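Structural characterization, general
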Amino acid sequence: MRPTIWRLARDLNITGHVRNDGEGVFIEAWGTPTEINQFIEALLQQAPVLSNIYSIEHSPLSGTAASTFTILESKKNTINTHLPADAATCPECLKEIFNPKDRRYRYPFTNCTHCGPRFSIIEQIPYDRTHTSMRHFTQCSDCQNEYETPADRRYHAQANNCPTCGPKLWLEDGKGNPFTVTQKDSLSTCAELLRAGKIIAIKGIGGFHLACDASQAQAVSRLRQRKNRQQKPFALMASNINMIHRYAHCGEAEQQLLLHSAAPIVLLQRLSHATPLANNIAPNQHCLGFMLPYTPPHHLLMSELDSPLVMTSANISDSPQCVDNEQAKDELSNIADYFLLHDREIINRCDDSVTRIALESKQTIRRARGYVPQPLHLAHHLHASKNILALGAELKSTFCLLRNQDAFISQHLGDLKNADSWRDFKHNLRLYQTLFDFKAEIIAIDQHPNYLTSQLGRTLAEEHTIPLVEVQHHHAHIAACMAEHGIPSEQTVIGIALDGLGAGEQNQIWGAEFLKVTYLHSYKLAGFEPIAMPGGNRATLEPWRNTLANLITLPVWNSDQLKQLELIKFLHSKPLDTLIQAIERNLNSPKASSAGRLFDAVAAAIGICRNNIHYEGQAAMELEALASSCFADERSNAYEYELKNGQLHFQPLWAQLLEDLKKRTPNKAIAARFHHGVINAVVETASQLAEQNDLDTIALSGGVFQNQLLQREVKDRLEQNKYKILIPKALPLNDGGISLGQAIIACHKKAHPTTC
Ligand code: ZN
Ligand code: ZN
Ligand code: FE
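What comes next is a walk through the structure. (Residues numbered from 1 in each chain as written. Chains lettered and ligands numbered in written order. Predicted model: local features only at pLDDT ≥ 70, side-chain atom pairs only at ≥ 80, totals over all residues. Heavy atoms only, no water.)

1. Points about the overall build of the protein chain
- The helix and strand tally for the protein chain stands at 23 helices and 28 strands.
- For 756 residues, the compact-globule estimate of 2.2 N^0.38 gives 27 Å, and the protein chain sits close to it at 27 Å.
- Dimensions of the protein chain, computed from the C-alpha atoms along their principal axes, are close to 90 × 65 × 50 Å.
- The 756 residues of the protein chain split such that 59% are buried.
- Considering only contacts in the protein chain between residues 6 or more positions apart, those separated by 24 or more positions represent 71%.
- A total accessible area of about 30,900 Å² is found for the protein chain, and carbon and sulfur atoms account for 47% of it. (Helix = DSSP H or I, 4+ residues; strand = E, 2+ residues; numbered from the N terminus. Rg over C-alpha atoms; globule rule 2.2 N^0.38 Å. Buried < 20%, exposed > 50% of the residue type's maximum accessible area, 1.4 Å probe, protein only. Contact = heavy atoms within 4.5 Å. Areas by Shrake-Rupley, 256 points an atom, 1.4 Å probe, with all protein chains shown as cover.)

Pasting the structure below:
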């Protein structure tokens, strides 16, 4: 902020000074009232891209006017100021790296106060060069000069450097031999190797990527094979928006998001008649995940390529992304042909963020690089009087530090059942507490007894003798959505939580609940009928098990007329008697009211991912892709459901689905009719409950709502019924948002328990 303020003050004849303090930026300004007003106006309009202005407070100043405007040293009081997120290379830096006359021509580490690495290189606060991995590089006199000149774009740029004094980049072959002559050659050679179909491990800002040419199916399938990732979609990097237009729909809003300083991956609808891209990038999906170059090496590489690159996190199995040169060479030696390395250490691992434009605005699927550790600034009335640490769920984990109005939510930390991810979670937990000088006074965890995060929370609460709050999973989903939208403490809403599985009340397993919610309380009004999951966890991985569990609840299950169906023949190839007995006797077949499992069951019924899924949500995503091709046409053919005593039963839906199978109705029509059936069930139930309870606001959350057909249709129709609809935007709908919900609930239960 300070250089911008300095410049504006000079332009407007304002005298005085500016300095950073614990709470933000402090300015003393002398000028005429008109000048001061112009100054404030200009501040709001011309604030640097990476700054966040939550408010400007001002009051009259006495004393003698200063003669000039100066920048003062920072005051070292309570550390409260926010840390910046990593930011994509800015336009000015970009001009320099492509300008042969500039001293930073083709320099891969060019950055300034508007761009470059931040969170990924910081070890401790305050954010000074000595506390980052740039401390190993001493600025040359030219750089030092820029650093000390207030009018310079690099004034106080902590990561400032140049070819003379900064980090170096080089290319190695798979055996650790240097491959290029000079740094400038490395990127051209790398581009050449990519064009030749090679797989290259590229060290980026928050971790390593594995890259290959996305137009070469052979290269892509070699990457899939070597990485043992058979079907999960790969993210792509394009040179620019024009290149993206060749492959996917990319409207104004999508373009803005792609070009944002966070440079996230944006999910875009595939073009049906697109320029060919390897067909194994995102099998059976109708979206492609694109991002734009966000570091100088990306820009330099892409400027020499005519097709997009696959850019996937470099890791083995489900472990976190590699960040260290030696570790990468060790772990990726069987995957990558070459390594593009550099000697600027990545301190904090941070995956690419994943977003999309849904319902005309940004929706977050994975919140990480470019967004963290910026807090979510909550509404004034949600101010927390105590420091709350919430530990989140277990899959798609994040944690949340809540202090005053700021919720610092960690980057996506993955599936904690993976030992490395769990280690990484604990590392980040310590890091954030240090960075924000945060001491928890209350700890919040999921009610699930076996989540690693719940166990850790219990231990921490005991060790520090502080209160522990256990939060019901779906209450947390809805509360996170409410908090993001600034819903007041005393307000009650209807919450619809549709997800895979979460610990419900009275030892039930939930995953499709209609709740009456305040931050303090959650009361279940209705939900899907609980259906067995034969084989327990195996039912999550093998969708056909859910199909079976649903079908045996039908009266027609044993009738002869079904026997000819291919689906039934398939099921009979499994040890059916044993499984049915297990379900009947309640052996390793827990019942769950899960929307996720219902989608899996229907997908498997029409042959999608029948035997197993390769990644979480695959069956449901493929079912959605199929349904979207004839969604509007099938509106009047919706399958039916039944609402009895607060329970939604889908036997009518299954009976109609079986009829359609008999009639050989196309799978896409079945998929669409199923979607319409579930949408009707959700919309009609929610409307009824809202009316009965005299409530006008409905919050939607849970990973299943990432389904765009479901989300859009439910929202539109409930809005037509005059309800106000809330959907998470800044935080994911999936379990990545749970930690905020836990924190805000714990805050109401312990920090100001009398609010409601
Ligand atoms: Zn820059
Ligand atoms: Zn230098
Ligand atoms: Fe969930």
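2. Some thoughts on the coordination of the iron ion (ligand 3)
- Coordination sphere of the iron ion (ligand 3), protein contribution only: H473 (NE2), H477 (NE2), D499 (OD) and D735 (OD), at 2.1 to 2.3 Å.
- Taken together, the 4 donor atoms coordinating the iron ion (ligand 3) span angles of 85 to 168 degrees at the metal, a pattern that classifies the geometry as irregular.
- When the donors of the iron ion (ligand 3) are listed by position in the chain, the intervening gaps give H-x3-H-x21-D-x235-D. With H477 in helix 13 (residues 473-484) and D735 in the loop between strand 28 (724-726) and helix 23 (738-751), this residue pair connects regions lying 258 residues apart in the sequence. With respect to burial, H477 and D735 carry one shared label: buried. (Donors = N, O, S within 2.8 Å, 3.2 Å for Na, K, Ca; no water. Tetrahedral: all angles 85-135°; square planar, octahedral: opposite > 155°, others 65-115°.)

3. Re the packing of helix 15 (residues 544-551) against helix 17 (residues 576-585)
- Contact geometry of helix 15 with helix 17 gives a least axis separation of 11 Å together with a crossing angle of 65 degrees. Of the two elements, helix 15 crosses helix 17, and the hand of that crossing is right-handed. For the pair helix 15 and helix 17, contact is made by W544, R545, L548 and A549 and by L576, L579 and I583, respectively. (Axes fitted to C-alpha atoms, helices over the stretch in contact; angles between N-to-C directions. Left-handed = near helix turned anticlockwise from the far one by under 90°.)

4. Re the packing of aromatic side chains
- Counted by the stated rule, this structure contains 10 aromatic pairs.
- Measuring from ring centre to ring centre gives 5.1 Å for F399 and Y432, while their planes differ by 85 degrees; the resulting arrangement is edge-to-face. Linking F399 in the loop between strand 15 (384-390) and strand 16 (400-404) with Y432 in helix 11 (residues 419-435), this pair joins segments that are 33 residues apart in sequence. For the residue pair F399 and Y432, the accessibility class agrees, reading buried in each case.
- Considering the side-chain rings of W422 and F425, the 5.5 Å spacing of their centres and the 25 degrees angle between planes classify their relative orientation as stacked. Highlighted residues: W422 and F425, both in helix 11, separated by 3 residues, approximately one helical turn.
- Assessed through its relative accessible area of 15%, W422 is described here as buried.
- By relative accessible area, which is 0% here, F425 ends up buried. (Phe/Tyr/Trp six-rings, centres within 6.5 Å; stacked < 30°, edge-to-face > 60°.)

5. Description of the side chain of R545
- Counting through the fold element by element, R545 comes out in helix 15.
- Once residues within four sequence positions are removed from consideration, R545 is found in contact with P534, G535, R538, A539 and L579.

6. Remarks on the coordination of the zinc ion (ligand 1)
- Taken together, the protein donors to the zinc ion (ligand 1) comprise C90 (SG), C93 (SG), C112 (SG) and C115 (SG), at separations of 2.3 Å.
- Geometry at the zinc ion (ligand 1) is tetrahedral, judged from its 4 donor atoms and the angles of 102 to 120 degrees they form at the metal.
- Linear spacing of the donor residues for the zinc ion (ligand 1) on their chain is C-x2-C-x18-C-x2-C. Taken together, the residues C90 in the loop between strand 3 (69-71) and helix 3 (91-97) and C112 in the loop between helix 3 and helix 4 (141-148) connect sequence positions 22 residues apart.
- The exposure class assigned to C90 is buried, which follows from its relative accessible area of 6%.

7. Overview of the nonpolar core
- I496, L498, F528, W654 and I698 are the most contacted members of the largest nonpolar core, which totals 71 residues.
- By residue number, the principal contributor to this core is helix 21 (residues 667-692), which donates 12 residues. (Core = buried A, V, L, I, M, F, W, Y, C linked by side-chain atoms within 4.5 Å.)

8. Description of the sheet that holds strand 8 (residues 265-269)
- Strand order in the open sheet formed by 10 strands is 4-11-5-6-10-7-9-8-12-13, with mixed pairing between adjacent strands. Looking at which strands have only one partner, the edges of the open sheet turn out to be strand 4 (169-173) and strand 13 (361-366). Looking at each pair of strands side by side, their axes are set apart by 35 degrees on average, direction ignored.
- Two elements, strand 5 (residues 200-203) and strand 6 (residues 208-213), share 4 bridges in a ladder whose sense is antiparallel. Bridging across to strand 6, K203 finds its partner in F208.
- The sheet strands contacting helix 6 (residues 217-227) are strand 6 and strand 10 (309-313), and the helix crosses strand 6 at an angle near 145 degrees.
- Here helix 8 (residues 252-259) sits on the sheet in contact with strand 8, strand 9 (287-291), strand 12 (354-358) and strand 13, set at roughly 160 degrees to strand 12. (Pairing = 2+ DSSP bridges.)

9. Side note on a nonpolar patch on the surface
- A surface patch of nonpolar side chains, amounting to about 220 Å² of accessible area, comprises L44, I53 and I56.
- Inspection of the secondary structure puts I56 in the loop between helix 2 (33-46) and strand 3.
- The class of I56 is partly exposed, set by a relative accessible area of 33%. (Patch = residues over 30% accessible without salt bridge, like charges linked within 9 Å, V, L, I, M, F, W, Y side chains within 5 Å. Salt bridge = Lys/Arg side-chain N within 4 Å of Asp/Glu carboxyl O.)

10. Re the pattern of salt bridges
- Scanning the entire structure with this criterion turns up 28 salt bridges.
- Of the charged contacts in the structure, one is a salt bridge between K563 and D560, with a shortest N-O distance of 3.2 Å.
- For K715, the salt bridge goes to E719, with nearest N and O atoms at 3.0 Å. Of this pair, K715 and E719 both sit in helix 22 (residues 708-720), separated by 4 residues, roughly a single helical turn.
- Judged by its relative accessible area of 17%, K715 is buried.
- Classification of E719 as partly exposed rests on a relative accessible area of 32%.

11. Examining the side chain of K227
- Note that K227 resides in helix 6.
- K227 sits in the buried class, given a relative accessible area of 7%.
- Within the structure, the side chain of K227 is placed 2.9 Å from the backbone oxygen of S313, a separation counted as a polar contact.
- Apart from residues lying up to four places away in sequence, K227 is in contact with L210, T312, S313, N315 and I335. (Polar contact = N/O pair within 3.5 Å; in protein donor to acceptor, adjacent residues only side chain to side chain.)

12. As for the sheet that holds strand 1 (residues 15-21)
- Read across the open sheet, the 3 strands follow the order 2-1-3; overall the sheet is mixed. What marks the edges here is a single partner per strand, and that holds for strand 2 (24-30) and strand 3. Direction aside, neighbouring strands of the sheet carry axes that sit 15 degrees apart on average.
- In this structure, strand 1 lies alongside strand 3, joined through 3 bridges in parallel fashion. Paired with G16 across the strands is F69, a residue of strand 3.

13. Regarding helix 20 (residues 651-662)
- End to end, helix 20 covers 17 Å across 12 residues, agreeing with the expected 16 Å (1.5 Å per residue, within 8%).
- Listed in full, the buried residues belonging to helix 20 are Q651, L653, W654, L657, L658, D660 and L661.
- Considering only its buried residues, helix 20 is in contact with helix 15, helix 16 (566-572), helix 18 (595-605), strand 26 (647-649) and helix 21.
- Trailing helix 20 by a residue or two, R664 shows a phi angle of about 55 degrees, which is positive. (Expected span 1.5 Å × (residues − 1).)

14. Comments concerning the pairing of strand 10
- Burial runs high along strand 10: 5 of the 5 residues are buried.
- Two strands pair when backbone bridges link them, and strand 7 (residues 235-237) and strand 10 are joined in this way by 2 bridges, in the antiparallel orientation. Considered in strand 10, the bridge of L236 is made with V310.

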